[in-house]
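Below are the chains, spelled out letter by letter.
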Amino acid sequence: MSDLFDAHPYQDRYPVQRGLPEQGRPKAEILAELREMAALENQAWETGQCSGTMYCGDLDHYAFLTEAFGLFAHQNALQRDMCPSATRFEGEIIAMALDLMHANAIEGTEPAGLVTSGGTGSILQAMLSYRDHARATRGITMPNIVKPETAHPAFVKAAHLFGLELRVVPVDPATTLVDPAAMAARIDENTIAIIGSAGNYPYGTIDPIADLSDLALARGVGLHVDGCLGGFILPFGEELGYAVPPFDFRLPGVTSISADTHKYGYGLKGTSSLLFRDKALRNAAYFYVLDWSGGKYFSPGMEGSRSDGLLASAWASLVATGRAGYRAHAQEIFATCAAMVDVVREHPQLRLVGSPTFVFAFTSDDFDIYHVADRMKTRGWRFNGLQYPDGLHLAVTRPQTRDGVVDRFRTDLADAVAYAQEQTGSAESTAIYGGIPGGLTADVSTFIESVMEQIMDAHQSVPAPR
């Protein structure tokens, strides 16, 4: 846990700004400092031993996106009269994402979309649109949403922020997938949307979206598919012949999809696409103020001012990569994931959880799996920790496809398994990731929240004077 509190590793290397300086520093000096910090932080992922996070890992691609961003970074996407480029970028990002999600299969409605600030932004905006559309068209004033336990915490945040009742359905512990019958049992006349993941964050597995589509149509509710993680890789896996079940607008009950351009779309952080089967549902997100003294105000979603640079860089990533580029990267990622899964299978002490896609998760019935995380950390590996049950996952990205990474994984995992078998005490990583034996109690929850509060406080502060 001590590592999490090392929020200020630069305090002994660079001056700490505790207030606005009277005199500005030379720009060349500032840029040299920033370059040094960037080089240090790139070391965390350039080895290919970090789960997710850096989905592209191509510094030349990042430089290209940075130049595209820089050309428009100072422009405000809210002011389209001065920045019509934002309309081109945003409209074409949405059009390309709709094309990828087979919006051509939609009949009877006009598909539409939004570009948001990220996966959480897309999920929040989707749930707000469902709430307001259901209020206007169905008279629902006490709305609820139904999600699998594995669906992203952003749905919990949406329920908290927008006054939605959240109904959580357990998943099958073997398949990690939700049971449509269990979802059906939680739907009532106030349900505005049900949720499925393609794929979910913990395991990368894909809920039975076709069955959820049938359920949504039968019960007259929306179905949001969270493809924030998989939206820009699963379609290419399907094109390559991998067993990817349909999860997009080819299924008539799917009413919205979120897919992050800043993950496997290889854009800069800060953009995601939110797609709707029916423009009317998208337009429920529109916001208007007509009687303000500052004039008439309107915006297409929760956000106001946005940098046109983010739109430019997301557009540039999609256009520069193209379908052929995405297929090639997907081929390497799926093949690498399969090779790493085979490495896990070499150890009978380890057990895979669910059916791996481009993400694989594993645990152990023989020892505390977090001992493996502890040992792998000393070799430079950064896994994501799971809980209930405790486990580890690795989202395979382009850095893992580099030569030698799978071989290092084989060597280091064998060493980590041997190490874990020898341990008798608690693993250090358990304090960070692990589930609490016996489940959460009120006292344990309060304690964990206080620790998280301290971490977030530290991340929004300067270090204390020494």
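Placed above this text is the structure.
Residues numbered from 1 in each chain as written. Predicted model: local features only at pLDDT ≥ 70, side-chain atom pairs only at ≥ 80, totals over all residues. Heavy atoms only, no water.

Caption draft 1: Looking closely at the pairing of strand 11 (residues 359-364). Across the six residues of strand 11, six count as buried, placing the element largely inside the fold. Side chains V359, A361 and T363 project from strand 11 onto one buried face, and the interleaved F360, F362 and S364 project onto a second face that is buried too. Between the end of strand 10 (residues 350-352) and the start of strand 11, which pair antiparallel, lie six residues, with G354 showing a positive phi angle near 75°. (Buried < 20%, exposed > 50% of the residue type's maximum accessible area, 1.4 Å probe, protein only. Helix = DSSP H or I, 4+ residues; strand = E, 2+ residues; numbered from the N terminus. Pairing = 2+ DSSP bridges.)

Caption draft 2: Region of the structure containing helix 11 (residues 369-378). Burial of helix 11 is extensive: seven of the 10 residues sit out of reach of the surface. Against the buried residues of helix 11 lie strand 10, strand 11, strand 12 (384-386), strand 13 (391-395), helix 12 (405-422) and helix 13 (430-433). Two or three places before Y370, at the start of helix 11, stands the capping residue D368, its side-chain oxygen 2.9 Å from that residue's backbone nitrogen. Just past helix 11, the residue G380 takes up positive phi, approximately 90°. (Contact = heavy atoms within 4.5 Å. Polar contact = N/O pair within 3.5 Å; in protein donor to acceptor, adjacent residues only side chain to side chain.)

Caption draft 3: How the structure looks around unusual backbone geometry. Of note, the amide linkage connecting A198 to G199 takes the cis form, showing an omega dihedral of -15°. Mapping G199 onto the fold places it in the loop between strand 4 (191-197) and helix 7 (209-219). Along the chain, Y388 connects to P389 via a cis peptide bond; the corresponding omega equals 5°. One can find P389 in the loop between strand 12 and strand 13. A positive phi angle is found at T53, which is not glycine, with a value near 65°. For T53, the position within the fold is in the loop between helix 1 (27-42) and helix 2 (59-72).

Caption draft 4: Structural context of the pattern of salt bridges. This model, assessed by the stated rule, comprises 25 salt bridges. Note that R323 is salt-bridged to D99, the shortest N-O span being 3.3 Å. Here D99 lies in helix 3 (residues 85-100) and R323 lies in helix 10 (residues 308-345), a separation of 224 residues in the sequence. Using a relative accessible area of 34% as the deciding quantity, one classes R323 as partly exposed. Classification of D99 as partly exposed rests on a relative accessible area of 47%. Here the salt bridges share partners, and the residues they tie into one network are D99, E239, R323 and R327. (Salt bridge = Lys/Arg side-chain N within 4 Å of Asp/Glu carboxyl O.)

Caption draft 5: Looking closely at the sheet that holds strand 3 (residues 165-169). As summarised here, the arrangement of the seven strands in space is 1-7-6-5-4-2-3, forming an open sheet in which the pairing is mixed. Every interior strand has two partners, whereas the edge strands, strand 1 (112-116) and strand 3, have only one. Averaged over all pairs of adjacent strands, the angle between their axes in this sheet comes to 20°, without regard to strand direction. On the sheet, helix 4 (residues 119-138) packs against strand 1, strand 2 (144-148), strand 4, strand 5 (222-226), strand 6 (256-259) and strand 7 (272-276) and is oriented at approximately 155° with respect to strand 4. (Axes fitted to C-alpha atoms, helices over the stretch in contact; angles between N-to-C directions.)

Caption draft 6: Molecular detail of a nonpolar patch on the surface. Taken together, the side chains of I30, L31 and L34 present a nonpolar region at the surface, about 230 Å² in accessible area. Here L31 shows up in helix 1. (Patch = residues over 30% accessible without salt bridge, like charges linked within 9 Å, V, L, I, M, F, W, Y side chains within 5 Å. Areas by Shrake-Rupley, 256 points an atom, 1.4 Å probe, with all protein chains shown as cover.)

Caption draft 7: Structural view of the sheet that holds strand 12. As summarised here, the arrangement of the four strands in space is 10-11-13-12, forming an open sheet in which the pairing is antiparallel. In the strand order of this sheet, the two ends are held by strand 10 and strand 12, each with one partner. Taken over all neighbouring pairs, the strand axes of this sheet differ in orientation by 30° on average, direction set aside. Sitting on the sheet, helix 11 touches strand 10, strand 11, strand 12 and strand 13, and the angle it makes with strand 13 is about 50°.

Caption draft 8: Quick look at the environment of R88. Position of R88 relative to the elements: it lies in helix 3. Classification of R88 as partly exposed rests on a relative accessible area of 47%. Considering only alpha carbons, one finds R88 and S258, 170 residues apart in sequence, at a separation of 20 Å.

Caption draft 9: Expanded view of the pairing of strand 1. Judged by how many residues are buried, strand 1 sits mostly within the fold: five of five residues are covered. Side chains A112, L114 and T116 of strand 1 all project onto a buried face; the interleaved residues G113 and V115 project onto the opposite face, where all are buried too. Bridge analysis of strand 1 against strand 7 gives five bridges, and the strand direction is antiparallel. Considered in strand 7, the bridge of L114 is made with L274.

Caption draft 10: Inspection of the packing of aromatic side chains at higher detail. Counted by the stated rule, this structure contains 18 aromatic pairs. Between F236 and Y326 the ring centres are 5.3 Å apart and the planes differ by 15°, which places this aromatic pair in the stacked class. Linking F236 in helix 8 (residues 234-239) with Y326 in helix 10, this pair joins segments that are 90 residues apart in sequence. In this pair, the class of F236 matches that of Y326, namely buried. Between F334 and F358 the ring centres are 6.4 Å apart and the planes differ by 75°, which places this aromatic pair in the edge-to-face class. One end of the pair, F334, is in helix 10; the other, F358, is in the loop between strand 10 and strand 11, with 24 residues separating them in the sequence. The class for F358 is buried, based on a relative accessible area of 0%. An aromatic cluster of at least three residues, connected via ring pairs, comprises Y55, F236, Y242, Y264, Y266, Y326, F334 and F358. Positioned over the ring face of Y266 is R398, at 5.2 Å from the centre of the ring. (Phe/Tyr/Trp six-rings, centres within 6.5 Å; stacked < 30°, edge-to-face > 60°. Lys NZ or Arg CZ within 6 Å of the ring centre and 35° of its normal.)

Caption draft 11: View of the side chain of H393. Looking at the secondary structure, you find H393 in strand 13. Polar side-chain contacts of H393 include one of 2.8 Å to the backbone oxygen of P202. Beyond its immediate chain neighbours, meaning those up to four positions away, H393 contacts S51, Y201, P202, V359, F360, A361, F383, N384 and L386.

Caption draft 12: Representation of the state of the cysteines in the model. Across all of its chains, the model carries zero disulfides by this definition. Summary of cysteine pairing: C56 is not part of a disulfide, and the nearest cysteine sulfur, belonging to C50, is at 14 Å. For C56, a relative accessible area of 4% corresponds to the buried category. (Disulfide = S-S within 2.5 Å.)

In short, shape yes, function no, at least from these values alone.
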